[in-house]
Amino acid sequence: MSDKDKRTIAATLAAATCSLLGSGLPDPVQAQEDPTWNFNTALLYYGEDDDRVQDLSLSILANRTYVDDRVLTLGVTLDGLTGASPNGALPQSFPQTFTQPSGKKTYTIDADRLPIDDTFKDTRLALTANWQQPLGRLYQFNIGASASREYDYTHFGINSKIARDFNRRNTTLLAGIAIARDSIEPVGGAPDGLTAMANVGDLSNRRNSDTKDIFDVVIGVSQVISRNLITQLNYSYSDASGYLNDPYKLVSVVDGVTGEVVPIPQLPGSEGPSHLYLYEHRPDSRAKHSLYTQAKYHMAGRVLDISYRYMTDDWEIDSHTVDLRYRWPLGGSSYIEPHLRLYSQTAAEFYSLSLVDGETLPEYVSADYRLGEFDAMTAGVKYGWQTGGGNDMSIRLEFYRQSGDVASDVLIGNQVNQDNYPDLNAIIVQVGYQFGR
Amino acid sequence: MKVRPVLILLVIFGSGCSSMGVEPWERDILAKDEMQLTSDPVEAATDDHIYFSKEASSGGRGFGGGGCGCN
């Protein structure tokens, strides 16, 4: 067919379309309303070794499409957390006693063991709602809200996004904004940063509660490159201000020569910490910048999903995350998807294993392992299949490993004999079920 | 200012895009569930929550958010 023929056909079609529109149809054609809800559900087990955190979580995401592609999405997640979390103090060659966060009792950690606080137990309920609708032919508008509640933490947030299609809908620009107000009501109160862990019954350095505000902006572009390749590039900015401490985390105060934590003599009849520990103190603001890029490539039924994220913040943490998934169909109705995720971060500028007794206190300090320098790897596999009723089921099994790094030149005295940053190993098992479609 | 290089990147990305893409009738593969940028939103949210709790980074794909006092 010559170019001239193509132009003639295009012109004829255009003329026919115009005459149809001009003649006025009796009723506008409307998109079909989906009469049912679609459900995407998952049951997750996350378990860390050495009796650390265990989480059993149920998530339900339901959506319904109304006339004109308007979509309502509602989500609920219920988490049940048990186990223990490192309290930030260093392992020592002798037992250590700590006051529980409640301030009502003490707990003792054996010699050469990483101090973990096993009093933590929580249930978390999180709700989300989102409304999406087209605005005109090329814009899509989203508005949403989120709320969550756990024993010591409450979150409320709202968010909105707008996207516009360009270039025959091959390019989409997106901009979004989210604000949140979180309230922290720690067990026993929120300790003032850099104050010493007190004896049982002494809550003089605690406040009842505190808050933090979070402001997020995201701008991005997604681009269809070809019939089987789509890409995305996002920049996001997140600003948190307010109480950013972890109220349960401590820093050991150590002797400058031996590197061992300084003992506190307990008077007869009193109960409290055996050694000197200060509550951590982080800056009251944090600004994060992230650049995220993703590509999805379809190769004869197989799908390669690769993404990379760079993050930097004003606490001097830089991180790199690479995520790879490869979905491999097995026959017509099932697939297997190996997954590999690699993560690496630098330490916050105020991260410190310990503080030296007698030296001037720094303005900010934290020994929280999550603010240290470490690498992490997740490796796993997901298997998905279609049930007899046409619904989708999947199961995934993954292993997560965090390996921390403490430079030998920051270790003092006997600290070299301890594993100051033990590896974290966790297992992730998730069963997913989608129905109603 | 860190925002500027990102904006420049977006403009370069955007200006090169007008010649890329497919026609509406060539979207058969792109329309598949497994070709959506977030093909499993529940799994994505679960992962975001796990890694938010265990690492110092969050967000990227969407809002960095928060919403938990995670241990």
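A few points on the structure. (Residues numbered from 1 in each chain as written. Chains lettered and ligands numbered in written order. Predicted model: local features only at pLDDT ≥ 70, side-chain atom pairs only at ≥ 80, totals over all residues. Heavy atoms only, no water.)

1. Digging into the interface of chain A and chain B
The interface is formed by 87 residues belonging to chain A together with 52 residues belonging to chain B. The contact between chain A and chain B buries some 5800 Å² in all, and 55% of this surface belongs to carbon and sulfur atoms. Of the charged contacts, one joins A:Glu48 and B:Lys54 as a salt bridge, the two residues approaching to 2.8 Å between their closest N and O atoms. Here chain A is connected to chain B by 34 residue pairs in polar contact (both at pLDDT 80 or more). Here the residues of the side of chain A that touches chain B sort into 34 nonpolar, 30 polar and 23 charged. (Contact = heavy atoms within 4.5 Å. Buried area = accessible area lost by both parts, 1.4 Å probe. Salt bridge = Lys/Arg side-chain N within 4 Å of Asp/Glu carboxyl O. Polar contact = N/O pair within 3.5 Å; in protein donor to acceptor, adjacent residues only side chain to side chain. Nonpolar A, V, L, I, M, F, W, Y, C, P; charged D, E, K, R; others polar.)

2. Some points on the pattern of salt bridges
For side chains of opposite charge, pairing can occur when their charged atoms come near one another. Residue and element names in this part refer to chain A. Within this structure, the stated rule accounts for 29 salt bridges over all chains. Of the charged contacts in the structure, one is a salt bridge between Arg181 and Asp213, with a shortest N-O distance of 2.5 Å. Here Asp213 lies in strand S14 (residues 210-226) and Arg181 lies in strand S11 (residues 171-184), a separation of 32 residues in the sequence. Relative accessible area serves as the criterion here: at 43%, Arg181 is assigned to the partly exposed category. We note a salt bridge from Arg370 to Asp246, for which the minimum N-O separation is 3.0 Å. Within this pair, whereas Arg370 is found in the loop between strand S22 (354-356) and strand S23 (374-386), its partner Asp246 is found in the loop between strand S15 (229-242) and strand S16 (250-254), the two being separated by 124 residues in sequence. Classification of Arg370 as buried rests on a relative accessible area of 8%. Here Asp246 falls in the buried class, since its relative accessible area comes to 9%. (Helix = DSSP H or I, 4+ residues; strand = E, 2+ residues; numbered from the N terminus. Buried < 20%, exposed > 50% of the residue type's maximum accessible area, 1.4 Å probe, protein only.)

3. Details of the pairing of strand S19 (residues 302-313) of chain A
All names here are of chain A. Relative to S19, strand S18 (residues 285-299) is paired through 12 bridges, and the arrangement is antiparallel. Pairing of Gln294 across the sheet is with Ser307, part of S19. Hairpin connection from S18 to S19: two residues lie between these consecutive antiparallel strands, with Ala300 at a positive phi of about 50°. In terms of strand pairing, S19 meets strand S20 (residues 318-330) through 10 bridges, oriented antiparallel. Residue pairing across strands places Tyr310 opposite His320, the latter belonging to S20. (Pairing = 2+ DSSP bridges.)

4. Quick look at the packing of aromatic side chains
Residues and elements named next belong to chain A. A complete count under the given rule lists 11 aromatic pairs over all chains for this structure. Where Tyr343 meets Phe374, the ring centres are 5.8 Å apart and the plane angle is 45°; that geometry is what we call tilted. Here Tyr343, found in strand S21 (residues 334-345), pairs with Phe374, found in strand S23; they are 31 residues apart in sequence, far enough to count as distant. A relative accessible area of 1% means that Phe374 is categorised as buried. (Phe/Tyr/Trp six-rings, centres within 6.5 Å; stacked < 30°, edge-to-face > 60°.)

5. Points about the side chain of A:Asp216
Residues and elements named next belong to chain A. In this fold, Asp216 is placed in strand S14. For the buried Asp216, no salt bridge exists, and the shortest N-O distance to an oppositely charged side chain is 6.9 Å, to Lys288. Among the polar contacts listed, one links the side chain of Asp216 to the side chain of Ser238, at a separation of 2.6 Å. (Lys, Arg positive; Asp, Glu negative; His and termini not counted.)

6. Examining the sheet that holds S22(A)
Two pairing modes exist for strands in a sheet, parallel and antiparallel, and in both the strands are linked by backbone hydrogen bonds. Residues and elements named next belong to chain A. Here we have three strands laid out as an open sheet, ordered S17-S16-S22, and mixed in their pairing. If you trace the sheet from one side to the other, it starts and ends with strand S17 (277-279) and S22, each paired once. Recorded for the sheet is a direction-independent mean angle of 35° between the axes of neighbouring strands. (Axes fitted to C-alpha atoms, helices over the stretch in contact; angles between N-to-C directions.)

7. Regarding the pairing of strand S6 (residues 106-109) of chain A
Residue and element names in this part refer to chain A. The two faces of S6 differ: Tyr107 and Ile109 on one face are buried, but Thr106 and Thr108 on the other face are not. Sheet analysis places strand S5 (residues 96-99) next to S6, joined by four bridges and oriented antiparallel. By the bridge assignment for S6, Thr99 is matched with Thr106. Connecting S5 to the next strand, S6, in antiparallel fashion are six residues, including Gly103 with a positive phi near 80°.

8. A word on the nonpolar core
Formed by 33 residues in total, the largest nonpolar core has its most connected members in A:Tyr46, A:Trp315, A:Ile317, A:Ala348, A:Leu371 and A:Tyr400. Of all elements in the fold, only strand S1 (38-48), S23 and strand S25 (424-435) of chain A together with helix H2 (41-54) of chain B reach the threshold of two or more residues within this core. Per-element tally for this core: the top contributor is S25(A), with three residues. Among all residues touching A:Tyr400, those that are not within four sequence positions of it are A:Tyr46, A:Arg341, A:Phe374, A:Ala376, A:Met377, A:Thr378, A:Leu424, A:Asn425, A:Ala426, B:Tyr51, B:Lys54 and B:Glu55. If you look at the next biggest cluster of nonpolar residues, it comprises nine residues, including A:Ala89, A:Tyr107, A:Val261 and A:Tyr277. (Core = buried A, V, L, I, M, F, W, Y, C linked by side-chain atoms within 4.5 Å.)

9. Topic: H2(B)
The first and last C-alpha atoms of H2(B) sit 20 Å apart over 14 residues, in line with the 20 Å expected at 1.5 Å per residue. Restricting attention to buried positions, one finds in H2(B) the residues B:Val42, B:Glu43, B:Ala44, B:Thr46, B:Asp47, B:Ile50, B:Tyr51, B:Ser53 and B:Lys54. (Expected span 1.5 Å × (residues − 1).)

10. Some remarks on the environment of A:Gly259
Residues and elements named next belong to chain A. As for its placement among the helices and strands, Gly259 is situated in the loop between S16 and S17. Note on Gly259: relative accessible area 2%, which makes it buried. Placed 155 residues apart in sequence, Gly259 and Asn414 show a C-alpha to C-alpha distance of 5.6 Å. For Gly259, the contacting residues outside a window of four places in its chain are Gln92, Val254, Ile412, Gly413 and Gln415.

11. A short note on the environment of A:Asp255
Residue and element names in this part refer to chain A. Structurally, Asp255 can be placed in the loop between S16 and S17. Judged by its relative accessible area of 32%, Asp255 is partly exposed. When sequence neighbours within four positions are dropped, the list of residues in contact with Asp255 reads Glu260, Val262 and Ile412. Of the polar contacts made by the side chain of Asp255, one reaches the backbone nitrogen of Val257; its length is 2.8 Å.

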